[in-house]
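Commentary on secondary and tertiary structure
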Amino acid sequence: MTTYLLAGGGTAGHVNPLLAVADAIRAREPEATVLVLGTKEGLEARLVPLRGYDLLIVDKVPFPRRPNGAAVRFPARFAKAVRQVRGYIRERGVDVVVGFGGYASAPAYVAARRAGMPYVVHEANAKPGLANILGARRAAASGVAFEGTALRGAEVVGMPLRPEIVNLDRDGLRVEAAAAFGLDPARPVLLVFGGSLGALRLNRAFAGGWRSVVDAGWQILHAVGERNEAVDPGDPAYRVVPYIDRMDLAFALADAIVSRSGAATVSEISALGIPAVYVPYAVGNGEQALNAASAVQAGAALLIPDGEFTEDRIRTEIAPLLRDAAALTRMRAAASEVGTRTGSENVLALIDRALAR
């Protein structure tokens, strides 16, 4: 019986693919032991136990970015974290470590190497994090979600996705989805969202530009974010909601999407073959634009920079696209080519290869 230690966390971008792989292992090998390594501060502290997995806690030790007191203390603190992980490996009889980035991954990679066991790296973002950049140098196998990701020795395996997306029957759920959101299943729907907190840029643009989409014959389902106020114009073709609990239903209903371009968002939209217009979040190190790059290059999506996304761009670019059935058909075909629903199985293949060495 194999014991797997999956390391990662901090944000949903690390936790969700980790849990997707954990579920795939459990489905394939019900007798296997699946352990998760994370910090007590990260999102994994809540999500992992809810999913029924044991969470092993490691100290959160950020890499120092500048010479200061934290940098002086880093070597001792990191060494302690590595010892914590080596203790788990020894006590639990771990056979392989799989890292998904984040604070828990770096000490896990070092501990696995010192214990003489294989480890596997998966990078969800097109711009890899430091833990995975360093970990990939000695990994038995590495996989990335997006073509062009600069990670040593990595192969493109796609994003491990949650089962409700992998198994989504969009056609079969369309009527139910339309009823859930109060829309007409016979008319096309543009889904607009910016993550759980919404996106102020998208909200402001659609507040002034929504009419051009409706005039093009489309309906809009717009999740504005739980903390954002948005005026609902009262038009039955424009549904404004604070948050979408059932994204599977929203995806089932969507004939096109306007959204931010987080790694999971791009991967899910491409896997489902939905044409998209991405508006990358401008804060950060540019990873959202890179996440969207492969879909844009393949012809599956358009990209509009955050600072340029206005109601005028909705009228002059998005509404004409929605009127162009042939263009949307081409984008759908391209999305199906660039996306994959087998990310979890592809990561399992990397793990099997590492174990067979």
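Here goes a summary of the coordinates provided. (Residues numbered from 1 in each chain as written. Predicted model: local features only at pLDDT ≥ 70, side-chain atom pairs only at ≥ 80, totals over all residues. Heavy atoms only, no water.)

1. Quick look at the pattern of salt bridges
Threshold: Whenever a carboxyl oxygen of Asp or Glu lies within 4 Å of a side-chain nitrogen of Lys or Arg, that contact is scored as a salt bridge.
All chains considered together, the criterion is met by 17 salt bridges. Taken together, the shared-partner salt bridges connect D23, R26 and R51 into one network.

2. Here's the deal with the packing of helix α1 (residues 12-28) against helix α14 (residues 343-356)
The cut-off we apply is this: A fitted line through C-alpha atoms serves as each axis, taken over the contacting stretch for helices, and the angle formed by two N-to-C directions is quoted from 0 to 180°. Only DSSP runs of H or I reaching four residues or more are called helices, and only runs of E reaching two or more are called strands; each is numbered from the N terminus. Orientation is classified from the angle alone, with under 35 degrees giving roughly parallel, over 145 giving roughly antiparallel, 65 to 115 giving roughly perpendicular, and any other angle giving oblique. Throughout, a residue-residue contact means that at least one pair of heavy atoms, one from each residue, lies within 4.5 Å. Residue polarity is assigned by list, with Asp, Glu, Lys and Arg as charged and Ala, Val, Leu, Ile, Met, Phe, Trp, Tyr, Cys and Pro as nonpolar; anything else, Gly included, falls into the polar class.
Relative to each other, α1 and α14 sit at 70 degrees, their axes nearing to 9 Å. Considered as vectors, α1 and α14 are oriented roughly perpendicular to each other. Across the interface between the two elements, A20, V21, A24, I25 and R28 from α1 touch S344, V347, L348, I351 and D352 from α14. The residue inventory of the contact of α1 with α14, partitioned by class, reads 7 nonpolar, 1 polar and 2 charged.

3. Quick word on helix α10 (residues 263-271)
For clarity, the threshold we go by: Only protein chains enter the area calculation, which uses a 1.4 Å probe; residues under 20% of their type maximum are buried, those over 50% are exposed, and those in between are partly exposed.
Judged by how many residues are buried, α10 sits mostly within the fold: 8 of 9 residues are covered. For α10, every residue scored as buried is listed here: A263, T265, V266, S267, E268, I269, S270 and A271. Directly beyond the C-terminal end of α10, a positive phi value near 70 degrees is found at G273.

4. Brief notes about the nonpolar core
We count it as follows: What makes a nonpolar core is a set of buried Ala, Val, Leu, Ile, Met, Phe, Trp, Tyr and Cys residues whose side-chain atoms join them at distances within 4.5 Å.
Membership of the largest hydrophobic core comes to 42 residues, with the highest contact counts inside it found for L191, L221, I244 and F251. Counting only elements with at least two residues in this core, the list comes to α7 (170-181), β8 (189-193), β9 (219-223), α9 (247-253), α10, β12 (276-278), α11 (287-298) and α13 (325-338). A total of 6 residues in this core trace back to one element, the largest contributor, which is α9. Ignoring any residue separated from it by four or fewer positions in sequence, one finds I244 in contact with F181, L191, L221, A223 and A250.

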